[in-house]
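Breakdown of the fold
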Amino acid sequence: MTVLVLDVAVLWPTVWGPALVPFFCAAAGLVMAVAFALLTLAAETSVRLRALVRPCPYPVARRWYLAVADVVVLGLAVAAVLTRPVLGVLVPCSPPLYAAWATTRYVVAPLLRNR
């Protein structure tokens, strides 16, 4: 994801920037949503993570509206931690993280039923 953010920063002032930046932003959001879904699957199942990498992007892309909500909630949690580290970790982060986990668990529920 860092590479995608760096690509956005480098390409923004160029001629091709306005055409390529939305693609890189969407790819970064998809990477973030799939990574969080993999973490949720790793916590829910005893299957090796390598076996879950291939089928995981499909349900995340299929329910993209929930993945967007997860990325927004995770972004708000990161913003809370970056603005006030101690208060951001202790107070407001647990409800948004639970909401993101529950939504992601609903998104990957077909994969959980197969295991």
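Structure: see above.
Now for a quick tour of the structure. (Residues numbered from 1 in each chain as written. Predicted model: local features only at pLDDT ≥ 70, side-chain atom pairs only at ≥ 80, totals over all residues. Heavy atoms only, no water.)

Observations concerning the nonpolar core
Leu 41, Cys 56 and Val 60 are the most contacted members of the largest nonpolar core, which totals 14 residues. When contributions to this core are tallied by element, the ones reaching two or more residues are helix H2 (17-44), helix H5 (64-83) and helix H8 (109-114). Those residues within four positions of Cys 56 in sequence are excluded, and the remaining contacts are Val 34, Ala 37, Leu 38, Leu 41 and Leu 111. Grouped together as the second largest cluster of nonpolar side chains are six residues, Leu 4, Val 21, Phe 24 and Ala 28 included. (Core = buried A, V, L, I, M, F, W, Y, C linked by side-chain atoms within 4.5 Å. Buried < 20%, exposed > 50% of the residue type's maximum accessible area, 1.4 Å probe, protein only. Helix = DSSP H or I, 4+ residues; strand = E, 2+ residues; numbered from the N terminus. Contact = heavy atoms within 4.5 Å.)

As for the packing of H2 against helix H7 (residues 94-107)
Look at H2 against H7: their axes get within 9 Å of each other, and the N-to-C directions meet at 80°. Between H2 and H7, the crossing angle belongs to the class labelled roughly perpendicular. Within the contact between the two elements, H2 uses Phe 36, Ala 37, Thr 40 and Glu 44 and H7 uses Ala 100, Trp 101, Thr 104 and Arg 105. Each residue belonging to the contact of H2 with H7 can be placed in one class, and the counts come to four nonpolar, two polar and two charged. (Axes fitted to C-alpha atoms, helices over the stretch in contact; angles between N-to-C directions. Parallel < 35°, antiparallel > 145°, perpendicular 65-115°, else oblique. Nonpolar A, V, L, I, M, F, W, Y, C, P; charged D, E, K, R; others polar.)

Focus on H5
The end-to-end C-alpha distance of H5 is 28 Å, a good match for the 28 Å that 20 residues give at a rise of 1.5 Å each. Every buried residue belonging to H5 is among Leu 66, Ala 67, Asp 70, Leu 74 and Ala 77, and all of these are buried. Down the axis of H5, the smallest arc covering the buried residues is 100°, so these residues share one side. Away from the buried face of H5 by more than 90 degrees, exposed residues Trp 64, Leu 76, Leu 82 and Thr 83 are located. (Expected span 1.5 Å × (residues − 1). Arc of directions from axis to C-beta.)

Such coordinate-based values are descriptive only and should not be taken to indicate function.
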